[in-house]
Amino acid sequence: QVQLVESGGGLVQAGGSLRLSCVASGNIFSSHVMGWYRQAPGNQREWVAAMTVGGTTNYADSVKGRFTISGDNAKNTVYLQMNSLKPEDTAVYYCRGQNILHDYWGQGTQVTVSS
């Protein structure tokens, strides 16, 4: 059973940066699309960024140019570098790994951006 564990969340002022990490209990990058999602209280879950098996990255318009998803296969870790943070980025951020047979989610890490 694969587990995903996020870390790196915290409190940061608007304009600041954070780097989130998602560690997988196995090397799943070769067979799963990896992604980041976020959910603020009272809001629906929102897709933020994705990285395909081939390494192609995609971003939601709301974070494009500010966030970067990347991976380190040797460490079984996916990152989300978040720059120029805004108060509206405040949410619980979740890591996801999916393919046709599996759908893995992490427990989430809180990101709070103060104004």
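Structure shown above.
Residues numbered from 1 in each chain as written. Predicted model: local features only at pLDDT ≥ 70, side-chain atom pairs only at ≥ 80, totals over all residues. Heavy atoms only, no water.

Trainee: Report on the overall build of the protein chain, specifying residues and quantitative values.
Mentor: When helices and strands are counted, the protein chain shows zero helices and 11 strands. Taken against the 2.2 N^0.38 rule, which gives 13 Å for 115 residues, the C-alpha radius of gyration of the protein chain at 13 Å falls within 12% of a compact globule. The principal-axis extents of the C-alpha atoms in the protein chain amount to approximately 40 × 25 × 25 Å. Counting across all 115 residues of the protein chain, residues that qualify as buried make up 43%. Within the protein chain, contacts between residues separated by at least 24 positions form 54% of all contacts whose residues are at least 6 apart in sequence. (Helix = DSSP H or I, 4+ residues; strand = E, 2+ residues; numbered from the N terminus. Rg over C-alpha atoms; globule rule 2.2 N^0.38 Å. Buried < 20%, exposed > 50% of the residue type's maximum accessible area, 1.4 Å probe, protein only. Contact = heavy atoms within 4.5 Å.)

Trainee: Requested: an account of the packing of aromatic side chains, with residues and values cited.
Mentor: We describe a pair of aromatic rings using the distance from one ring centre to the other and the angle between the two ring planes. A complete count under the given rule lists two aromatic pairs for this structure. Relative to Trp105, the ring of Tyr37 lies with its centre 5.0 Å away and its plane at 55 degrees, an arrangement referred to as tilted. Note that Tyr37 is positioned in strand 4 (residues 33–39) and Trp105 in strand 10 (residues 103–105), a separation of 68 residues in sequence. In this structure Tyr37 comes out as buried when scored by relative accessible area, which is 12%. The exposure class of Trp105 is partly exposed, given its relative accessible area of 27%. For the ring pair Tyr94 and Trp105, a centre distance of 6.5 Å and an interplane angle of 80 degrees mean the geometry is edge-to-face. (Phe/Tyr/Trp six-rings, centres within 6.5 Å; stacked < 30°, edge-to-face > 60°.)

Trainee: Which residues make up the nonpolar core, and what values go with them?
Mentor: In terms of nonpolar packing, the biggest core is built from 30 residues, with Leu4, Trp36, Leu80, Met82 and Tyr93 touching the most fellow members. Residue assignment for this core shows that the elements contributing at least two residues are strand 3 (18–24), strand 4, strand 5 (46–51), strand 7 (67–72), strand 8 (77–82), strand 9 (91–98) and strand 11 (109–114). Setting aside its immediate chain neighbours within four residues, Leu4 contacts Cys22, Val23, Ala24, Ile28, Met34, Cys95, Arg96, Gly97, Tyr104, Trp105, Gly106 and Gln107. (Core = buried A, V, L, I, M, F, W, Y, C linked by side-chain atoms within 4.5 Å.)

Trainee: Which residues make up the pairing of strand 4, and what are the values?
Mentor: Most of strand 4 sits inside the fold, with five of its seven residues counted as buried. Across seven bridges, the pairing between strand 4 and strand 9 is antiparallel. Following the sheet pairing, Gln39 is matched in strand 9 by Val92. As defined by bridge partners, strand 4 adjoins strand 5 across five bridges and the pair is classed as antiparallel. Residue pairing in the sheet places Trp36 in a bridge with Ala49 of strand 5. The loop that links strand 4 with its antiparallel partner strand 5 comprises six residues; one of these, Gly42, has a positive phi angle of about 80 degrees. (Pairing = 2+ DSSP bridges.)

Function cannot be read off these values alone, since they describe shape.
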